[in-house]
Amino acid sequence: MKLLSFGNALRVLVWGGIAVCVLGVISLVAAAVYVVRVTADLPDYEQLAEYEPAIMSRVHAGDGLLIAEYAREHRVFVPIENIPSEVVSAFLSAEDRSFYQHGGLDFTGIARAAISNLSNYLQGRRLEGASTITQQVAKNFLLSSEQALARKVQEMVLARRMERAFTKDQILELYLNEIYLGNRAYGVAAAALNYFDKSLDELELHEIAYLAALPKGPNNYHPERRPEAAVGRRNWVLSRMAANGYVTEAAADAAAQQPLEATTRLAGETYLAAEYFVEQVRREVFNRYGDAQIYEGGLSIRTTLDTRMQLAARRALRDGLEAYDRRHGFRGPLTQFEEFDDWPARLGEVRPPADIDSDWAVALVLDVNESEAQIGFADRSRGRIPLYALSWARTPSRDAETNMPRLGPAITRADAALTLGDVVLVKRLTADDAPNQTVAEDHYGLRQIPEVNGGILAMDPFTGRVLAMVGGYSFAQSQFNRAVQARRQPGSAFKPFVYAAALENGYTPVSIILDAPFVASGDAEMRFYRPTNYSNVFYGPSTLRRGLELSRNVMTVRLAQDMGMRPVADLARRFGIYENLQPTLAMSLGAGETTLMDLVGAYGALVNGGRHVSPAILDRVQDRAGRTIWVADGRECPGCNTPDWDRTLREPELDALGEDAVDPVVAYQIVSMLEGAVERGTGSALRALGRPVAGKTGTTNEVRDAWFVGFSPDLVVGIYVGFDTPVPLGQGEAGGVLAAPIARDFLRPALQGYAVSNFRLPDGVSLAPVNRESGEPSALGRPGVILEAFRPGTEPRRGVSAADEALSFGFGALGGDRGDRRTRDDEDDEEDDLGGLY
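Residues numbered from 1 in each chain as written. Predicted model: local features only at pLDDT ≥ 70, side-chain atom pairs only at ≥ 80, totals over all residues. Heavy atoms only, no water.

Here the focus is the overall build of the chain. The helix and strand tally for the chain stands at 24 helices and 26 strands. Within the span of the chain, comprising 838 residues, buried residues form 51% of the whole. For the chain, long-range pairs separated by at least 24 residues make up 71% of all intrachain contacts whose partners lie at least 6 apart in sequence. Accessible surface for the chain amounts to roughly 38,800 Å². Of this, 50% is attributable to carbon and sulfur atoms. (Helix = DSSP H or I, 4+ residues; strand = E, 2+ residues; numbered from the N terminus. Buried < 20%, exposed > 50% of the residue type's maximum accessible area, 1.4 Å probe, protein only. Contact = heavy atoms within 4.5 Å. Areas by Shrake-Rupley, 256 points an atom, 1.4 Å probe, with all protein chains shown as cover.)

Turning to the sheet that holds strand E23 (residues 705-711), a few remarks are in order. Strands pair in a sheet through their backbones, by hydrogen bonds, and they do so in one of two ways: parallel or antiparallel. What the five strands build is an open sheet, ordered E13-E12-E24-E23-E22; its pairing is antiparallel. Strands with a single pairing partner mark the edges of an open sheet, and in this sheet they are strand E13 (466-470) and strand E22 (694-699). Going from strand to strand, the sheet's axes swing by 5° on average, the running direction of each strand aside. Helix H20 (residues 596-607) contacts strand E12 (453-459), E13, E22, E23 and strand E24 (716-722) of the sheet and is inclined by roughly 150° relative to E24. (Pairing = 2+ DSSP bridges. Axes fitted to C-alpha atoms, helices over the stretch in contact; angles between N-to-C directions.)

As a further point, take the sheet that holds strand E1 (residues 57-60). Taking strand neighbours across the sheet as the criterion, the five strands line up as E2-E1-E3-E19-E20 in an open arrangement whose pairing is mixed. In this open sheet, the two strands that pair with only one neighbour each are strand E2 (66-70) and strand E20 (628-631). The sheet shows a mean angle of 15° between the axes of neighbouring strands, taken without regard to direction. As defined by bridge partners, strand E3 (residues 300-303) adjoins strand E19 (residues 618-622) across four bridges and the pair is classed as antiparallel. Bridge assignment links Ile 301 to a residue of E19, and that residue is Val 621. Seen against the sheet, helix H12 (residues 275-289) touches E1, E2, E3, E19 and E20 and runs at an angle of roughly 45° to E2.

Within the secondary structure, Thr 595 sits in the loop between helix H19 (566-574) and H20. A residue is classified by how much of its surface remains accessible, and Thr 595, at 5% relative accessible area, is buried.

Our next topic: the nonpolar core. The nonpolar side chains of a soluble globular protein tend to be buried, and buried together. Counting residues in each nonpolar core, the largest one holds 90 residues, and the members touching the most others are Phe 497, Phe 575 and Tyr 603. The residues contacting Phe 497, other than those within four sequence positions of it, are Leu 571, Phe 575, Ile 577, Leu 599, Ala 602, Tyr 603 and Leu 606. Membership of the second largest hydrophobic core comes to 53 residues, among which are Ala 316, Leu 321, Val 350 and Val 452. (Core = buried A, V, L, I, M, F, W, Y, C linked by side-chain atoms within 4.5 Å.)

Here the focus is helix H14 (residues 307-327). Here H14 contains 21 residues, and its C-alpha end-to-end distance of 30 Å stays within 8% of the 30 Å for a straight helix at 1.5 Å per residue. Sitting at the head of H14, Asp 306 places a side-chain oxygen 3.0 Å from the backbone nitrogen of Arg 308. A positive backbone phi angle near 95° is found at Gly 329, which sits one or two residues after H14. (Expected span 1.5 Å × (residues − 1). Polar contact = N/O pair within 3.5 Å; in protein donor to acceptor, adjacent residues only side chain to side chain.)

What follows is about the packing of aromatic side chains. Scanning the model with the defined rule gives 17 aromatic pairs in all. A centroid spacing of 6.4 Å and a plane angle of 75° characterise the contact between Phe 91 and Tyr 175, whose relative ring orientation is edge-to-face. Highlighted residues: Phe 91 in helix H2 (residues 85-95) and Tyr 175 in helix H6 (residues 168-178), separated in sequence by 84 residues. The exposure class of Phe 91 is buried, given its relative accessible area of 1%. Its end group placed over the ring of Tyr 473, Arg 318 keeps NZ or CZ at 4.1 Å from the ring centre. (Phe/Tyr/Trp six-rings, centres within 6.5 Å; stacked < 30°, edge-to-face > 60°. Lys NZ or Arg CZ within 6 Å of the ring centre and 35° of its normal.)

Right, let's talk about the packing of helix H16 (residues 495-504) against H19 for a bit. The N-to-C vectors of H16 and H19 enclose an angle of 115°; their axes lie 9 Å apart at closest approach. Taken together, the axes of H16 and H19 lie roughly perpendicular to each other. Here H16 runs over H19; the crossing is right-handed. Here Phe 497, Val 498, Ala 500, Ala 501 and Glu 504 of H16 lie close against H19, whose contacting residues are Pro 567, Val 568, Leu 571 and Arg 574. (Parallel < 35°, antiparallel > 145°, perpendicular 65-115°, else oblique. Left-handed = near helix turned anticlockwise from the far one by under 90°.)

Glancing now at the pairing of strand E7 (residues 382-386). Residues in a regular strand project their side chains so that they alternate between the two faces of the sheet. Here strand E6 (residues 372-376) runs beside E7; their pairing, made up of five bridges, is antiparallel. Opposite Glu 372, over in E7, you have Pro 386 as the bridge partner. A loop of five residues connects E6 with E7, the two strands running antiparallel in sequence, and Arg 380 in this loop sits at a positive phi of about 75°.

What follows concerns unusual backbone geometry. Even without a glycine there, the phi angle at Asn 403 is positive, about 65°. If you trace the backbone, Asn 403 turns up in the loop between strand E8 (396-398) and strand E9 (405-407). Of the residues examined, Asn 403 reaches a relative accessible area of 30% and is grouped as partly exposed.

Turning to a negative patch on the surface, a few remarks are in order. Residues Glu 338, Glu 339, Asp 341, Asp 342 and Glu 349 make up a contiguous surface patch of negative charge. Its location among the elements puts Asp 341 in the loop between strand E4 (335-336) and helix H15 (343-348). Judged by its relative accessible area of 58%, Asp 341 falls in the exposed class. (Patch = residues over 30% accessible without salt bridge, like charges linked within 9 Å, V, L, I, M, F, W, Y side chains within 5 Å. Salt bridge = Lys/Arg side-chain N within 4 Å of Asp/Glu carboxyl O. Lys, Arg positive; Asp, Glu negative; His and termini not counted. Charge placed at Lys NZ, Arg CZ, Asp CG, Glu CD.)

Glancing now at the pattern of salt bridges. This structure, assessed with the given rule, holds 47 salt bridges. For the salt bridge of Glu 204 with Lys 198, the shortest nitrogen-to-oxygen distance reads 3.8 Å. Look at Glu 204 and you get partly exposed, because its relative accessible area is 42%. Note that Arg 314 and Asp 355 form a salt bridge whose closest N and O atoms lie 2.9 Å from each other. Highlighted residues: Arg 314 in helix H14 and Asp 355 in the loop between H15 and strand E5 (360-368), separated in sequence by 41 residues. Taking relative accessible area as the criterion, Arg 314 reaches 5% and is therefore assigned buried. The network of salt bridges with common partners includes Glu 269, Arg 314, Arg 315, Arg 318, Asp 319, Asp 355 and Asp 357.

Low-confidence regions, as indicated by low pLDDT, have predicted coordinates that should not be scrutinised in detail. Averaged over every residue, the pLDDT of the chain is 86; the share at 70 or more is 84%. Confidence drops under pLDDT 50 across residues 806-838; counting only partners more than four residues distant or on other chains, this segment forms 112 contacts. (pLDDT = per-residue confidence, 0-100.)

On to the environment of Ile 67, then. Relative to the elements of secondary structure, Ile 67 occurs in strand E2. Exposure remark for Ile 67: the relative accessible area of 5% places this residue in the buried category. Note: C-alpha distance between Ile 67 and Phe 277 (210 residues apart in sequence) is 9.7 Å. Other than its neighbours up to four places away in sequence, Ile 67 contacts Val 59, His 60, Ala 61, Leu 266, Tyr 271, Phe 277, Val 278, Thr 303, Leu 305 and Thr 307.

Turning our attention to the environment of Asp 319. Secondary-structure assignment places Asp 319 in helix H14. Between the C-alpha atoms of Asp 319 and Tyr 473, which are 154 residues apart in sequence, the distance is 9.4 Å.

Our focus in this paragraph is the environment of Gly 658. With respect to the element layout, Gly 658 can be found in the loop between E20 and strand E21 (659-660). A sequence separation of 195 residues divides Gly 658 from Thr 463, and the C-alpha atoms of the two residues are 8.4 Å apart. Ignoring anything within four residues of it in the chain, the contact list for Gly 658 reads Arg 611, His 612 and Val 613.

Rendered as structure tokens:
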């Protein structure tokens, strides 16, 4: 019986073994069939040999500072031989310590993950993988991230095939340049920049370990949102590096004690200041190369920007716009609190306007009386706005007929400007803000975002390189670039080109033009045209110099009428201001529309001796391989690449940039006259610079636009101020009052790197002493005598008046009624701008 039982058991055991074997074979066959089926249409892994990842394009200023990056995926491709060994060892320790030993699959890791996943499955937790770096490359490049058995099988098969096709270093190079590490960073190089603002070779051990901690889930280890988890994971990586022998225990322990401090790249004043410039660069590169190249092509874009000047330009423009805004009253609080329960928390939820200055803050008026307003901040600190800081906060309005700005009654009490519960912007005051007041530590000034806007652009007149460009008060509030895109009337800022046309056609700086009322025939919309001066006063016979220095409208129109508008239109085209200027007299006063960039480029041609060089914001563009594919200065230089230079030979000479716009003598004559506009005329705000500078103001009808273009021998800057929807700026808000001080405040820091020098005197200029008002010859040293620039042979003759001299040339500009003539010196400071059209 026992023997029978043993036999039965043996038969059961044999048949059971057979059944297991059969089932095993069936399972293997089924598995093989499944693998063949799911891997039948695998992606072609050999394409990775020609892998060119999407790389971000980078923009550098002319002084080398990185100012912007354009990308859909922030990536900087780095060859494996240039990746520091510590970076490699950190990722191997964290992700695949046996990478260089296995053939694409880590079977020990697979078994370990299988055991762990039994528990994970029963407890409803996320299943963990055992993917090697090779498998991760297969998944990231060729497959989806779907957690499915079929995808896992495909990944394993591809990993084995890739190991046979590529070297280990090639696979690791693909991985380290493709892996997503959060913070918009793909690959280790981009992550080093985005988290720590460092290149790979600048990273410290604790920073390397943090980057290696991120592939498991960047959001789970964010340095600011989850600092404890981030530090814990980083320290785990350090411990694995020590255990694997890549670093010593002491080095790992020291790195683990370091704080985790991530930085914000491309942030701060320098980058805020460059936003308009950077966007204009993006537009130009996009138009030249298209969407794919700018966002994926890895272009290296070198621009003309001078970051020091850019900061000065932004500060000067914002200060000027804020100063104008405060001259025209306070428009009211951001919002109002009717109840004060838990006011600090509620105040902290108030979103301030975008891009306010870093020293501005949101405050709540907690109490207000006759002498001051008590204010509170979200952090529960307190301050005061004294009455003297509220004097500008009058109620603004506009005249119903003229639309000119008006102001309400003067502020004599603090409670006339502010009310309990007002939420306002404030700035802590300093002695510089209120020089005639006793400023306490808790004194604040009321602030508001200007409604008026404008632009500023500075350029090297010899190369056309745009050194600074700001297109508005705040890029965050408005991306419209008023330095490039706004087409507005330049007003009197166009007058120098009318006078240049006259000098080209036989006039001299001392030619006499009559400043008196006259009426000219108009056009289809206007039967008669009667220009007036800004002051509504006429000054009689005056020299060309006097007319330009004091911006006389009537003289300018009479001059244009006398010589005809065709020479003016032709010269405006050569200077790049207008392509096709309408030949009507109103255009001589700047009634045609142009851009600030074009006008600055035109003034640059005056400064550089008469050659128009188009303003440019790009120096060169290189492709991802470092090959130059575009360069701004395309001039040929024979002899520049000579391998063995003989010092006895002359240096190679380059042709001048640009095209001839006007004779150098005429250009210098206008520059000299515009020096006078600063010394004695409408550009007097620049006299405070204490060095040779020149410039011209511009103001349009109803004071809707205010301009100033100023320059030194080596730098040109233009400013435009106005409302985006044109309305009057206000009585007296002319270019000399509104725009010229902005130019002064920019040029003061901008010119610090330039030597003090006079404007360059070209060949063919004869300097003769004349009386600056009458133009008659005189002797140096006498009151009112200047050295005037003439073509040889056109200097005024002694004993002949300037008026007779003008008649000897056949000019008819003296005709007409002399009108009301005033000669008082105080008229020199008056702005005479675009006259009315009747």
